[in-house]
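# Survey of secondary and tertiary structure
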Amino acid sequence: MYLQPAVMYYLVYGFLYLVSLLPMWMLYLVSDLAGWVIFRVFGYRTKVVKMNLAIALPDKTEEEREQVARKFYRNFTDTFIETLKLLSAGRKFVTKRVKGDFHVFDELYDRGLKCQVHLGHNFNWEMGSLAVGYSCKFTMLAVYLPLNNKVMDRIFLRLRTRAGSVLLPATDMRRQMLKHGRDKQYLLALIADQVPANVGRAWWLNFFGMPSAFIPGPEKGARAGNVPVVFVHITKEKRGHYYVHAHVAAETPATLPEGELTRQYRDFLERVIHQHPDMWLWSHRRWKKSWQTSYESQWIDIPPPPAKSVNPYVSTL
């Protein structure tokens, strides 16, 4: 029997909403079980996780990396459970559980400036983005990649706009940005550690010693408008409670040499990941694209580009 997408949306949303009404202690039991199942039983992307950890944390022993992996899977499932809870939980739930350096944004707003935020896949970015939306004066614009599943895409759109945020599809970002004008104040939030779709036009630099493609758009946009850039990362105070750390990385990015802001962001990511390794999305195939000598004009790192590069996922897994 075929159900219309609108009908499926209400059925799925209604079921998930009912589940979200469960108390957090019960939902965390579900998370513990789910984390154990996907890690120990199904081995969800365990090879990718182990390879990524070996690349990024070579100084740790195999046992230490195993401990990081276990904590990662718990954070991974907690993120889904906490996001599910947001279907029924309101502003009070978010602002009680997520604190942060929100004054950084208000200071920029009070000076009449715009703001661009660069954030990695740092748990729990869903709650963190809502907390920023609730707590700062800016209208937040968030770039997102539409999901193939239309029902889940609609559910996430509803969740992510609850704090008044405006979502801009990455597939149509430039045109959508024009609607907000040059003179309006906004905070543009970017998950800036994505792997670019077109690596031939990406900027390349070493990331944990491996040639890696970075999206050039965040830096180019900030430089073009001379928009202050704030680097953000999230730490876990205790289970379900987070702190959003924010600092101005470049108040006038147009004055920086090309590529400098991206190099600073790379350094920032490496430092944050080293400090809190279980809080990053290790199941993400960050080095899935291999460096090619044809990309030399896109190399922006200070060391020269390598003569060749081997894709670790292909050669090892």
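Everything numeric in this text was worked out from a predicted model, so none of it was measured. (Residues numbered from 1 in each chain as written. Predicted model: local features only at pLDDT ≥ 70, side-chain atom pairs only at ≥ 80, totals over all residues. Heavy atoms only, no water.)

### A short note on the overall build of the chain
- Each helix and strand counted, the chain has twelve helices and nine strands in total.
- For 317 residues, the compact-globule formula gives about 20 Å, and the C-alpha radius of gyration of the chain, at 20 Å, lands near that figure.
- Counting over 317 residues, the chain shows a buried share of 50%.
- In the chain, of all internal contacts separated by at least 6 residues, the share reaching a separation of at least 24 is 78%. (Helix = DSSP H or I, 4+ residues; strand = E, 2+ residues; numbered from the N terminus. Rg over C-alpha atoms; globule rule 2.2 N^0.38 Å. Buried < 20%, exposed > 50% of the residue type's maximum accessible area, 1.4 Å probe, protein only. Contact = heavy atoms within 4.5 Å.)

### Looking at the nonpolar core
- Residues F105, L187, V230 and W282 are the most contacted members of the largest nonpolar core, which totals 84 residues.
- At seven residues, helix α4 (residues 62–85) tops the list of elements feeding residues into this core.
- In this structure V230 touches V104, F105, L108, C115, Q116, V117, H118, A246, H247, V248 and A249, once residues within four positions along its chain are discounted.
- By size, the runner-up hydrophobic cluster in this structure holds seven residues, among which are A202, W204, W291 and Y295. (Core = buried A, V, L, I, M, F, W, Y, C linked by side-chain atoms within 4.5 Å.)

### Concerning a nonpolar patch on the surface
- A contiguous nonpolar surface patch, about 500 Å² in accessible area, is contributed by L33, W36, V41 and F42.
- The topology assignment puts F42 in the loop between α2 (24–41) and α3 (46–56). (Patch = residues over 30% accessible without salt bridge, like charges linked within 9 Å, V, L, I, M, F, W, Y side chains within 5 Å. Areas by Shrake-Rupley, 256 points an atom, 1.4 Å probe, with all protein chains shown as cover. Salt bridge = Lys/Arg side-chain N within 4 Å of Asp/Glu carboxyl O.)

### Some words on the state of the cysteines
- Evaluation of the coordinates by the stated rule reveals zero disulfides.
- Looking at C115, it has no disulfide partner, and the nearest cysteine sulfur is the one in C136, 7.9 Å off.
- Look at C136 and you get buried, because its relative accessible area is 9%. (Disulfide = S-S within 2.5 Å.)

### Focus on the packing of aromatic side chains
- Tallied over the entire structure, the rule returns 24 aromatic pairs.
- Judged by centre distance (5.0 Å) and plane angle (70 degrees), the ring pair of Y9 and Y10 falls under edge-to-face.
- Residue class for Y9 comes out buried when judged on its relative accessible area of 3%.
- Under the relative-accessibility criterion, Y10 is labelled exposed at 53%.
- Here the aromatic rings of W204 and Y295 are separated by 5.2 Å at their centres, their planes lie at 20 degrees, and the arrangement is stacked. (Phe/Tyr/Trp six-rings, centres within 6.5 Å; stacked < 30°, edge-to-face > 60°.)

### Quick look at the packing of α3 against α4
- Where α3 meets α4, the axes come as close as 10 Å, and the angle between the chain directions of the two elements is 125 degrees. As summarised for this structure, α3 and α4 are arranged oblique, according to the angle between their axes. Of the two elements, α3 crosses α4, and the hand of that crossing is right-handed. From α3, T46, V49, K50, L53 and A54 reach across to α4, where they touch R65, E66, V68, A69, F72 and Y73.
- Residue classes in the contact of α3 with α4 are distributed as seven nonpolar, one polar and three charged. (Axes fitted to C-alpha atoms, helices over the stretch in contact; angles between N-to-C directions. Parallel < 35°, antiparallel > 145°, perpendicular 65-115°, else oblique. Left-handed = near helix turned anticlockwise from the far one by under 90°. Nonpolar A, V, L, I, M, F, W, Y, C, P; charged D, E, K, R; others polar.)

### Notes on the environment of F214
- By the element assignment, F214 lies in strand β7 (residues 210–214).
- With 15 residues separating them along the chain, F214 and V199 place their C-alpha atoms 8.2 Å apart.
- Those residues within four positions of F214 in sequence are excluded, and the remaining contacts are A192, P196, A202, W203, L205, F207, T262, Y265, R266, L269 and R286.

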